[in-house]
Amino acid sequence: MTVARIGPVERSPLVMAEIPRPEPGPGEILVRVEACGVCRTDLHVVEGDLPPLHPGMIPGHEIVGRVEDLGSEVERYRVGDRVGIPWLHRSCGRCRFCTTGRENLCPSKEFTGYSVAGGYAEFARADAAFALPLPDGDPGPLAPLLCAGIIGYRALKVASPPPGGRVGLFGFGASAHLTLQLAGKLGFETVVYSRSPAHRRLAERLGASEVVDPAREPSPRSSGRLDSALVFAPAGEVVLQALGELDRGGSVAIAAIHLSPIPPIDYDHRLFGERRIQSVEANTRADAREFLALARRWGLRATTTTRPLEAAHSALVDLKAGRIDGAVVLDPRSAQATGPTEGRSG
Ligand SMILES: [Zn+2]
Ligand SMILES: [Zn+2]
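The rules behind each value
- Sequence order sets the numbering: in each chain, residues are counted from 1 along the sequence as written.
- Lettering for chains starts from A, numbering for ligands starts from 1, and both go in the order in which the items are written.
- It should be noted that, the model being predicted, local features are given only for residues of pLDDT at least 70 and side-chain atom pairs only at 80 or more, the latter also being counted only at that level, while totals for whole chains, interfaces and linings use all residues.
- Each helix corresponds to a stretch of at least 4 residues labelled H or I by DSSP, and each strand to a stretch of at least 2 residues labelled E; elements are numbered beginning at the N terminus.
- We compute the radius of gyration from the C-alpha atoms alone; for a globule the expected value is 2.2 Å times N to the 0.38, where N is the number of residues.
- Think of it as a crowd count around each C-beta: if 20 or more other C-beta atoms lie within 10 Å the residue is buried, if 12 or fewer it is exposed, and in between it is partly exposed, with C-beta placed from the backbone throughout.
- In this description, any two residues whose backbone-derived C-beta atoms lie within 7 Å of each other are considered to be in contact.
- By convention the nonpolar core is taken to be a set of buried residues drawn from Ala, Val, Leu, Ile, Met, Phe, Trp, Tyr and Cys and joined through C-beta atoms within 7 Å.
- The start and end points of each domain follow an automatic or database-based domain assignment.
- Throughout this entry, Asp, Glu, Lys and Arg are counted as charged residues, while Ala, Val, Leu, Ile, Met, Phe, Trp, Tyr, Cys and Pro are counted as nonpolar. The remaining residues, Gly among them, count as polar.
- In this description, strands pair whenever DSSP reports at least two bridges between them.
- Simply put, an axis is a line fit to the C-alpha atoms, just over the touching stretch for a helix, and the angle between two N-to-C directions goes from 0 to 180 degrees.
- The arc in question is the one spanned by the directions pointing from the helix axis to the C-beta atoms.
- Just so you know how the angles are binned, under 35 degrees is roughly parallel, over 145 roughly antiparallel, 65 to 115 roughly perpendicular, and the rest oblique.

J.: Can you lay out the overall build of the chain for me, pointing to particular residues and giving the numbers?
T.: Each helix and strand counted, the chain has nine helices and 17 strands in total. In terms of overall dimensions, the chain is globule-like: its C-alpha atoms have a radius of gyration of 20 Å, near the 20 Å expected for 346 residues. In the chain, buried positions account for 49% of the 346 residues. Taking the contacts inside the chain whose residues are at least 6 apart along the sequence as the reference set, 71% of them involve residues at least 24 apart.

Structure below.
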């Protein structure tokens, strides 16, 4: 599925195209895609919130698959291995960020499904050094771990709430529904803020300590009920709302690659008291390995709906409208089996 023209997802900017199977270069692997998660970043790629880099881009950066072919100089994988391909396709390895454990900030890094072709396809190419080994089993629930899960983990690290502290999650999509489970396992109390009744029900089922409908409960000037707030919604006003819930010394981590402007901040009431705001950009491989190990140990699972590859467009429309519970995963294998009509399973 390629981006034929940048524009609102309602106007079907994605089209099915036949393109040659990619060849893995030196240090690269070719992966047969078993599942690819649909992330909000894909929406930003398709709609042009992120500046377009290449015409005909194939989105998708939560790829689970099997190694199909190896380029030269690949030692760490064998054909048939289960791997995950995340958002960070490659970084330079030489700059002052890469050499100090901050490859996520590398100015010349490349991204899967944005600067290089992604996983809305039957095959995807990856740098073997940036792919991640994954366990066997159902590929669908693993896919959202690769971006939604890892980014939520990094956001939690960046926010660094005190042990046992109260963590608020604003916007309950794929990332928040995994981060909620993670935060609970790490011993934090969790407060989920969502306007969607379906999302609030899912949050309750997944063990949120408290669930808040922000429409019914306008935030006071400073309620002080949170030690940290993780903002997943791409809306600047939510940052303000999160700040309003923060205790002194608290932190807001914004896990969004694109955000509408933040309204003016009343410094005296919302930021003073050593409250902090920080953005989260991508993740390092260390973040990915740490999170995947925790996910495996605790059996963290994404709540997923699987759709055939051709349904990528409707999946993005539903994501934009907030109609997805948990995450949607595309299955290029079911696309071949079921044809162009949309089906739901899982
Ligand atoms: Zn670099
Ligand atoms: Zn993503």
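J.: Give a detailed account of the nonpolar core, specifying residues and quantitative values.
T.: Counting 100 residues, the largest nonpolar core has L169, F170, V192, L230, V231 and A255 as its most contacted members. In terms of residue count, the dominant contributor to this core is helix α2 (residues 148-159) (seven residues). Looking at this core, you find at least three residues from each of domain 1 (2-144 + 303-338) and domain 2 (149-279). Once residues within four sequence positions are removed from consideration, V231 is found in contact with F170, G171, V238, V239, A242, V252, I254, A255 and A256.

J.: Quick rundown of the domain arrangement of the chain? Include the residues and the values.
T.: Each assigned domain of the chain is listed here: domain 1 (2-144 + 303-338) and domain 2 (149-279). On the side of domain 2, 13 residues touch domain 1, which itself brings 14 residues to the contact. Looking at which element gives the most residues to the side of domain 1 that touches domain 2, the answer is helix α1 (residues 40-47), with three residues. Looking at side-chain class alone, the side of domain 1 that touches domain 2 contains six nonpolar, five polar and three charged residues.

J.: I'd like to hear about the sheet that holds strand β12 (residues 210-212), residue by residue, with values.
T.: Taken in spatial order, the six strands of this open sheet run β12-β11-β10-β13-β14-β15, and their pairing is parallel. The strands lining the two open edges of the sheet, one partner per strand, are β12 and β15 (276-279). Along the sheet, successive strands turn relative to each other by an average axial angle of 20°, direction set aside. Direction of pairing for strand β10 (residues 166-170) relative to strand β11 (residues 189-193): parallel, over a ladder of five bridges. Counterpart to L169 in the pairing with β11 is V192. Against the sheet, helix α3 (residues 174-185) engages β10, β11 and β13 (226-231), with an angle of about 160° to β11. Along the sheet face, helix α5 (residues 236-244) touches β10, β13, β14 (246-254) and β15 and points at about 155° away from the line of β14.

J.: So what's going on with helix α8 (residues 312-320)? Which residues, and what values?
T.: Listing the buried residues of α8 in full gives A312, H313, A315, L316 and L319. For α8, the angular spread of the buried residues around the axis is 160°, confining them to a single face. Next to the buried residues of α8 lie β2 (14-15), α1, β16 (304-308) and β17 (327-331). Once α8 finishes, G322 follows within two positions and takes phi at roughly 75°, a positive value.

J.: An account of the pairing of strand β5 (residues 82-85) is needed here, citing residue identities and associated values.
T.: Regular strands place their side chains on alternate faces of the sheet. Taken together, the four bridges between strand β4 (residues 63-70) and β5 define a ladder with antiparallel strand orientation. In the sheet register, V64 faces β5, and the bridge partner there is G84. Pairing between β5 and strand β9 (residues 132-133): two bridges, direction antiparallel. The partner of V83 across the bridge, within β9, is P133.

J.: Explain the packing of α2 against helix α7 (residues 285-298) residue by residue, including any values.
T.: Interhelical geometry of α2 versus α7 gives an angle of 105° and a closest axis separation of 9 Å. Between α2 and α7, the angle is such that the two are roughly perpendicular. In this structure, α2 uses G149, I150, Y153 and R154 to contact α7, whose residues at the interface are D287, A288, F291 and A295. Split by residue class, the contact of α2 with α7 holds five nonpolar, one polar and two charged.

J.: Run through α5, naming residues and quoting values.
T.: For α5, the complete set of buried residues consists of V238, V239, Q241, A242, L243 and G244. Buried residues belonging to α5 abut β10, β13, β14, α6 (267-271) and β15.

J.: Give a description of the packing of α1 against α8 that names residues and reports values.
T.: Look at α1 against α8: their axes get within 10 Å of each other, and the N-to-C directions meet at 110°. One way to sum up the angle between α1 and α8 is to call them roughly perpendicular. Contacts between α1 and α8 involve R40, D42, L43 and V46 on the former and, on the latter, L316, L319 and K320. Residue composition of the contact of α1 with α8, by class: four nonpolar, no polar and three charged.

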